[in-house]
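Coordinate analysis (summary)
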Amino acid sequence: MAVSDHVDLPTFMEGVNKRNPHQPEFVQAVQEVAEDIFSFIEDKEEYHAQQILRRIAEPDRVVSFRVCWEDDNGNVRVQRGWRVQNNNAIGPYKGGLRFHPSVNESVLKFLAFEQTFKNALTGLPMGGGKGGSNFNPKGKSVREIMRFCQSFMTELYRHIGADVDVPAGDIGVGAREIGFMFGQYKRITGHFTGVLTGKGLEYGGSLIRPEATGYGAVYFLANMLRERGQDLQGKTVVVSGSGNVATHAAEKVVQLGGKVVTLSDSGGFIHDPDGITLEKIQWVKQHKTHRRGRIEDYVAEYTGATYHEGKTPWGVPCDVALPCATQNELLGEDAKLLVKNGCIAVSEGANMPTDLAGVHVFKAARILYAPGKAANAGGVAVSGLEMSQNSERRAWKESELQQMLLDIMEGIHNSCLTYGRQPDGHIDYVKGANIAGFKKVADAMLAFGVV
Ligand code: NDP
Ligand code: 2IT
């Protein structure tokens, strides 16, 4: 008989802490999941005996490498690159690449861990991975970005593949960077395969991939509101970030009748009490992505709006909050303020934007609170559909993809209802998402034995 290891949650977390020193983001992500999984597996001997959570919380591998490139002045620059392959029990590793100076092993391990559950929730055959570099794209010329991407791929190519590991974009990595990396992969290997997603439409990209994360987060929100007999019509919505996820989330809110009053970037946030219309969102997209400008400039363009330097938007009264910038951007005190001001729903476009204290505040207040691994899964879901289209060597129509995205988000919502409904009827979406994602990966791992 197997020797079972019935450690309790504090002992389990003590081990995670000890094995991952100086990796606070990773430990935080594991803790948030373990809180729910421990109660779920209490009476499930096999999950204990086979140490399933312990194994999911230990990446299959972490690849770290040097990335050298030359800047426009001829200086040699040295960056660090990583790919964290967390778990491939249900499909090839899948997850984005992040280029940001804050990237380190802890951040990428937390993202790859979260991705494992998120990808399982989509119902598509994708394992969890994440990668990136501490390269800062801000202030770099397009040629510098190209040279960096080529150098990054010159090492990464040997670790990825259409049936092995399929990276995509994340913070600082959009269609342009994916194009540079795909070009370099093809040049080195000679293979035209679906090795990256988020590609341009001309060379195997999928329609609606750019919109999918933000739109999906709002579809998930609409599903939650519907459970309470409500919709977005007339709701005031506070959004953080002004990148890919934030601008598309804002766009979908406006299309569904809500009023978006804030956007932000790492400098601060803008508050536009008149509402950020589709035309204004279009301006932000152009300004942030194509001109690489600051959100601060919005107030010169649109009178009536104010800029709040160094601040996050959570103090602005709202019905709904959509954190769409980065991890730990919404803290316990912010969560309390949102609840006090009457916020009834939070849908996370970003990964782990709410810290553990904030999660506990939302849970205790029993508001509609969707964690990133459920709410922002629309992006990777359409990436999964891009992989299918590449394998089939065909492209689906926009209307077909829109319907698939709607269905996938509804499916994730249903999974949360199945595993998150409390005895009094309240839905704990964090618990629902954690258990549903865990169960699928865990059952596959059980089938494989001890590997
Ligand atoms: P972008 O690079 O397009 O935009 C990032 C936005 O977040 C910018 O407004 C940026 O401001 C802001 N931001 C980044 N870092 C910080 C920081 N440390 N403090 C404050 N603001 C910050 O990235 P995405 O929109 O793609 O990603 C946003 C979030 O969504 C991330 O958490 C990502 O992991 C998550 N996500 C993305 C998916 C996708 O498909 N792209 C899928 C699922 C989740 P600034 O311009 O000043 O840097
Ligand atoms: O966090 C995420 O889900 C992403 N950055 C998207 C990953 C993907 O493979 O499309």
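Residues numbered from 1 in each chain as written. Chains lettered and ligands numbered in written order. Predicted model: local features only at pLDDT ≥ 70, side-chain atom pairs only at ≥ 80, totals over all residues. Heavy atoms only, no water.

Structural notes on the overall build of the protein chain
Per the secondary structure count, the protein chain includes 17 helices and twelve strands. The C-alpha radius of gyration computed for the protein chain amounts to 21 Å, which stays within 12% of the reference 22 Å derived for 451 residues, consistent with globular compactness. Taken over the C-alpha atoms alone, the protein chain extends approximately 70 × 55 × 45 Å along its principal axes. Counting the 451 residues in the protein chain, one finds 56% classified as buried. Taking as baseline every contact in the protein chain between residues at least 6 positions apart, the subset at least 24 positions apart corresponds to 71%. Within the structure as shown, the protein chain displays about 18,100 Å² of accessible surface, and the carbon and sulfur contribution to it stands at 50%. Taken together, the 49 basic and 52 acidic charged side chains of the protein chain have centroids lying 4 Å from each other. (Helix = DSSP H or I, 4+ residues; strand = E, 2+ residues; numbered from the N terminus. Rg over C-alpha atoms; globule rule 2.2 N^0.38 Å. Buried < 20%, exposed > 50% of the residue type's maximum accessible area, 1.4 Å probe, protein only. Contact = heavy atoms within 4.5 Å. Areas by Shrake-Rupley, 256 points an atom, 1.4 Å probe, with all protein chains shown as cover. Lys, Arg positive; Asp, Glu negative; His and termini not counted. Charge placed at Lys NZ, Arg CZ, Asp CG, Glu CD.)

Here we look at the site of ligand 1
Around ligand 1 there are 26 residues in total, and Lys-138, Asp-170, Thr-213, Ser-266 and Asn-351 lie nearest to it. Val-245 is positioned such that a nitrogen or oxygen atom in its backbone is 2.9 Å from an oxygen atom of ligand 1. Here an oxygen atom of ligand 1 sits 2.9 Å away from a polar atom, N or O, in the side chain of Lys-288. About the coverage of ligand 1: the protein hides 83% of its 890 Å² of free accessible area. Elements with a minimum of two residues in the shell around ligand 1: helix H8 (209–227), helix H9 (244–255) and strand S7 (259–265). Classifying every residue of the shell around ligand 1 gives five nonpolar, 13 polar and eight charged. (Near = heavy atom within 4 Å. Polar contact = N/O pair within 3.5 Å; in protein donor to acceptor, adjacent residues only side chain to side chain. Nonpolar A, V, L, I, M, F, W, Y, C, P; charged D, E, K, R; others polar.)

So, the packing of aromatic side chains
Throughout the structure, instances matching the rule amount to 22 aromatic pairs. For the ring pair Tyr-215 and Tyr-219, a centre distance of 6.4 Å and an interplane angle of 65° mean the geometry is edge-to-face. Highlighted residues: Tyr-215 and Tyr-219, both in helix H8, separated by four residues, approximately one helical turn. Chaining the aromatic ring pairs together yields one cluster made of Phe-65, Trp-69, Phe-99, Phe-135, Phe-148 and Phe-152. Across from the ring centre of Phe-26, 4.6 Å away, lies the NZ or CZ of Lys-109, which sits over that ring. (Phe/Tyr/Trp six-rings, centres within 6.5 Å; stacked < 30°, edge-to-face > 60°. Lys NZ or Arg CZ within 6 Å of the ring centre and 35° of its normal.)

So, the environment of Ser-242
Of note, Ser-242 is situated in the loop between strand S6 (236–240) and H9. Sequence-wise, Ser-242 and Ala-325 are 83 residues apart; in three dimensions their C-alpha atoms are separated by 7.3 Å. In this view, Ser-242 contacts Thr-247, Ser-264, Asp-265, Val-284, Lys-288 and Ile-295; residues no more than four positions away in its chain are not counted. Polar side-chain contacts of Ser-242 include one of 2.9 Å to the backbone oxygen of Ser-264.

Quick word on H9
The first and last C-alpha atoms of H9 sit 17 Å apart over twelve residues, in line with the 16 Å expected at 1.5 Å per residue. For H9, a buried count of nine out of twelve residues is recorded, marking the element as mostly surrounded by other parts of the structure. When H9 is considered as a whole, its buried residues turn out to be Val-245, Ala-246, Thr-247, His-248, Ala-249, Ala-250, Glu-251, Lys-252 and Val-253. In this structure, the buried residues of H9 make contact with H8, S6, S7, helix H10 (278–290) and strand S10 (320–323). Where H9 terminates, the next one or two residues include Gly-257, which has phi positive at roughly 95°. (Expected span 1.5 Å × (residues − 1).)

Observations regarding the pairing of strand S4 (residues 127–133)
Of all seven residues making up S4, seven are buried, and the element is well covered by its neighbours. The two faces of S4 match: Gly-127, Gly-129, Gly-131 and Ser-133 on one face and Gly-128, Lys-130 and Gly-132 on the other face are all buried. The sheet contact formed by strand S2 (residues 76–87) and S4 spans six bridges and is antiparallel. Across the sheet, the residue bridging to Asn-87 is Gly-128, located in S4. Sheet topology note: the strand S3 (residues 93–99)/S4 ladder contains five bridges and is parallel. Following the sheet pairing, Phe-99 is matched in S4 by Ser-133. (Pairing = 2+ DSSP bridges.)

With respect to the nonpolar core
Core analysis: the biggest nonpolar cluster contains 56 residues, and Phe-220, Leu-263 and Leu-322 have the highest contact counts within it. If you tally residues by element for this core, the top one is H8, at eight residues. Residues contacting Leu-263, with those up to four places away along its chain left out, are Val-239, Gly-241, Ala-246, Ala-250, Phe-269, Ile-270, Ile-276, Val-284 and Ile-295. Counting 38 residues, the second largest nonpolar core, distinct from the first, contains Ala-29, Tyr-47, Phe-117 and Ala-444. (Core = buried A, V, L, I, M, F, W, Y, C linked by side-chain atoms within 4.5 Å.)

Comments concerning the packing of helix H2 (residues 24–41) against helix H13 (residues 356–365)
The N-to-C vectors of H2 and H13 enclose an angle of 30°; their axes lie 10 Å apart at closest approach. When the axis of H2 is compared with that of H13, the two are roughly parallel. Where H2 abuts H13, its residues Gln-28, Gln-31, Glu-32, Glu-35 and Asp-36 lie against Leu-356, His-360 and Lys-363. Of the residues belonging to the contact of H2 with H13, the class tally is one nonpolar, three polar and four charged. (Axes fitted to C-alpha atoms, helices over the stretch in contact; angles between N-to-C directions. Parallel < 35°, antiparallel > 145°, perpendicular 65-115°, else oblique.)

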